[in-house]
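# Working through the structure, step by step
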Amino acid sequence: MLAMNYRGPYRIRADRNKPDPEILHPRDAIVRVTRSCICGSDLHLYHGLVPDTRVGMTFGHEFTGVVVDVGSEVQNLKPGDHVLVPFNIACGSCPFCKQELYGNCHESNPEATAVGGIFGYSHTAGGYDGGQAEYVRVPYADIGPFKIPEGMDPDDAVLLTDVLPTGYQAAEMAGIKKGDTVVIFGAGPVGIMAAKCSWLFGAGRVIVIDHVEYRLDFVRQYAQCEVYNFKSIGDPVLFLKKATDFYGADVCIDAVGCEAEGSAIQTVSGRRMLLQSGAATALNWAINSVKKGGIVSVVGVYGPTGNLVAIGNVVNKGITIRANQASVKRLLPKLIEHVQNGFIDPKAIITHKIPLEEVAYAYRIFSSKLDNCIKTVLVP
Amino acid sequence: MEDNFRHIKGWGVDADPRNEPTYPMKHYTGDDHQRLNYERPAQQPADVEILKSNERPSLSAVFGTSTPPSGLSGIIRRKAFSQSEGRLGHWMPLILADRMNVIEGLIDDVRNGYLPNFFVEKGWKAEVRYNPVRFFGKIVVAALVTTAVVTLMVRKKRRRHI
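The structure presented is a predicted model; accordingly, all values stated were derived computationally and were not measured.

### So, the overall build of chain A
- Looking only at helices and strands, chain A has 12 helices and 17 strands in total.
- Taking 380 residues into account, the globule formula puts the C-alpha radius of gyration at 21 Å, and chain A, at 20 Å, falls close to it.
- Taking the principal axes of its C-alpha atoms as reference, chain A extends roughly 60 × 45 × 40 Å.
- Burial status across chain A gives 61% buried among its 380 residues.
- Sequence separation of at least 24 residues holds for 70% of the intrachain contacts in chain A that already meet a minimum separation of 6.

Here it is in structure tokens:
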């Protein structure tokens, strides 16, 4: 089959000789992929920042597809069902899944205990080949996959597998109260969704900080929020303090993660020398910009080692940090309703649809932010 | 549970099940206190080598079978998994193995009669199309730096011979 094939940092290819996936467990399904996105967090793999990313692996954790085969224990799916597949691989029966922490399943990743299994996200997340392929093996098919509702646009459906739930959970974890000022660092797809979703929780003011002008323009229109380019406002923390009457934002959301720009020391030590798990610039800005007793919600992805973070300020300001991988399955019913009610239009963020054969071209466009790229969908 | 703590005066008087800081991500059920004593899904057979974190007692019930460890990078990966996830001794060797694996991948390609097309694999077509000035600028800078380094090395070598 045709599949994306990782060959090393910044180097991938479309491989026509990848063996088709097989049923390896009675609760598996095989899905023929109809849409597969490139996620901002795929870029961490593409840039060689995630440990145990092996040559030959296929990435992709945001996909929809048609079920073509199911294992003997799968009851609620049958061949022909068109499904959206959450990026979390979750068993549904461990204590974490039972408590709806589907992103923290204990039965899907033998290689690390800190993270559950994720499709196509290195061996640190379980060693599964992902959905940037014609076919993909989906474990626990009776738990994760969700039949795409009648009439739903597949482009909306594919964005319900990760980007919208992650943006929504960022706002949810932030504990936004009516009238709160919410600052979101990062105008990538997740930051855009977090801005949009913050209004659903009653935010009084939503501010997005980034340095990519076309993305700031997009989020300003899409999420009706204030936007600022950190390259033109001086010290972003001071700017935000002034913008909030020297009080600090009620909540801050880090939707950037380990590839943040804006601090030379963080960039050199984290992204170039790998002395820390990427650059924690956005996280530090969030900690320093939030009010005393405020909440910092983190959905940006960081590596497993450690980061230079202003933990003293967290203690002294009494900040609550809330973070997790999105629990997609928990959020899907509510988010599908929001999409159907017209509160959110996920597909509006798709700027590029590219054939899977041109996966290397697609990654480069997304990675280098070329052609005003916000979200890329691969079509096998 | 109360019975276990009867000897502690006031045990649990202020416990408030609503005070769950991870809500709403987590719907607290108390299952945490059962630890790993739950009914596990059937075990997927391990037909390929799977490296297991030493922070868990056994393989998870399912796992990916993509790209099992092999070659020199595989040896490094196996060593890395003898360390727990909290140690740099676990992660840094894995990054080293990843880089080693890139070279192994190139060797495999050539051995299989496949010559990688770097221009395509690095997606440079996109850079040429949408960002030609910066892209060709980078090439010029790289060429100049390489020329300067080679020239310096040649001069040094000549001086040694004199």
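### Let's talk about the environment of I76 of chain B
All names here are of chain B.
- Take I76: it is sitting in helix α1 (residues 71-80).
- Using a count of 19 C-beta atoms within 10 Å as the deciding quantity, one classes I76 as partly exposed.
- Each C-alpha atom, one on I76 and one on H90, is 10.0 Å from the other, the two residues being 14 residues apart in sequence.
- In contact with I76, not counting residues within four places along its chain, are P93, L96, A97 and M100.

### A look at the interface of chain B and chain A
- Taken together, the contact between chain B and chain A spans 51 residues of the former and 57 residues of the latter.
- Among the secondary structure elements, those contributing two or more residues to the side of chain B that touches chain A are α2 (88-111), α3 (118-121) and α4 (124-130) of chain B.
- Element by element, the count of residues in the side of chain B that touches chain A is highest for α2 of chain B, at 9 residues.
- Of the residues assigned to the side of chain B that touches chain A, the class counts are 21 nonpolar, 14 polar and 16 charged.

### Quick look at the sheet that holds strand β11 (residues 205-210) of chain A
Residues and elements named next belong to chain A.
- The sheet built from 6 strands is open, its strands ordered β12-β11-β10-β13-β14-β15 with parallel pairing. In this open sheet, the two strands that pair with only one neighbour each are β12 (226-229) and β15 (320-323). Strand-to-strand, the axes of this sheet are offset by a mean angle of 20 degrees, without reference to chain direction.
- Of the strands in this sheet, β10 (181-185), β11 and β13 (249-254) touch helix α5 (residues 189-200), which is tilted by about 170 degrees from β11.

### What about the nonpolar core?
- With 133 residues, the main nonpolar core has V31, V182, I184, F185, A194, V208 and I253 of chain A as its most contacted residues.
- Among the elements that take part in this core, helix α12 (residues 359-367) of chain A stands out by supplying 7 residues, more than any other.
- Each of domain 1 (3-162 + 327-379) and domain 2 (164-323) of chain A accounts for three or more of the residues forming this core.
- Formed by 5 residues, the second largest nonpolar core is a distinct cluster that contains A80, W91, L94 and I95 of chain B.

### Topic: the domain arrangement of chain A
Residue and element names in this part refer to chain A.
- According to the domain assignment, chain A consists of domain 1 (3-162 + 327-379) and domain 2 (164-323).
- Using C-alpha coordinates to define each centre, domain 1 is positioned 25 Å away from domain 2.
- In this assembly, 25 residues from domain 1 lie in contact with 22 residues from domain 2.
- Counting residues per element, the ones that place at least two in the side of domain 1 that touches domain 2 are α1 (42-46) and α11 (328-340).
- Classifying every residue of the side of domain 1 that touches domain 2 gives 16 nonpolar, 6 polar and 3 charged.

### Considering helix α8 (residues 264-272) of chain A
All names here are of chain A.
- When we look at burial in α8, the residues that qualify are Q266, G270 and R271. Buried positions in α8, seen along its axis, are confined to an arc of 80 degrees and lie on one side of it. When the buried face of α8 is taken as reference, the exposed residues oriented beyond 90 degrees from it are A264, I265, V268 and R272.
- Packing partners of the buried residues in α8 comprise α9 (281-289).
- Positive phi appears at L274, one or two residues downstream of α8, with a value of about 55 degrees.

### A short note on the confidence of the model for chain B
All names here are of chain B.
- A residue-level look at chain B finds 99% of positions with pLDDT of 70 or above and a mean pLDDT of 92.
- No element of chain B has a lower mean pLDDT than helix α5 (residues 132-161), at 90, and none a higher one than α1, at 98.
- In the model output, the complex is listed with pTM 0.93 alongside ipTM 0.90.

### Some thoughts on the pairing of strand β4 (residues 63-70) of chain A
Residues and elements named next belong to chain A.
- Summarising the sheet, strand β3 (residues 29-38) and β4 pair through 7 bridges and their orientation is antiparallel. Within β4, the position partnered with V31 by the bridge is V67.
- Pairing between β4 and strand β5 (residues 82-85): 4 bridges, direction antiparallel. By the bridge assignment for β5, F63 is matched with V85.

### Some details on the environment of S367 of chain A
Residues and elements named next belong to chain A.
- Note that S367 resides in helix α12.
- We classify S367 as buried; it has 20 C-beta atoms within 10 Å.
- As a C-alpha pair, S367 and N5 span 362 residues in sequence and 17 Å in three-dimensional space.
- Once residues within four sequence positions are removed from consideration, S367 is found in contact with L43 and Y46.

Thresholds applied
Residues numbered from 1 in each chain as written. Chains lettered and ligands numbered in written order. Predicted model: local features only at pLDDT ≥ 70, side-chain atom pairs only at ≥ 80, totals over all residues. Helix = DSSP H or I, 4+ residues; strand = E, 2+ residues; numbered from the N terminus. Rg over C-alpha atoms; globule rule 2.2 N^0.38 Å. Buried ≥ 20, exposed ≤ 12 C-beta atoms within 10 Å, placed from the backbone. Contact = placed C-beta atoms within 7 Å. Nonpolar A, V, L, I, M, F, W, Y, C, P; charged D, E, K, R; others polar. Pairing = 2+ DSSP bridges. Axes fitted to C-alpha atoms, helices over the stretch in contact; angles between N-to-C directions. Core = buried A, V, L, I, M, F, W, Y, C linked by C-beta atoms within 7 Å. Domains from an automatic or database assignment. Arc of directions from axis to C-beta. pLDDT = per-residue confidence, 0-100.

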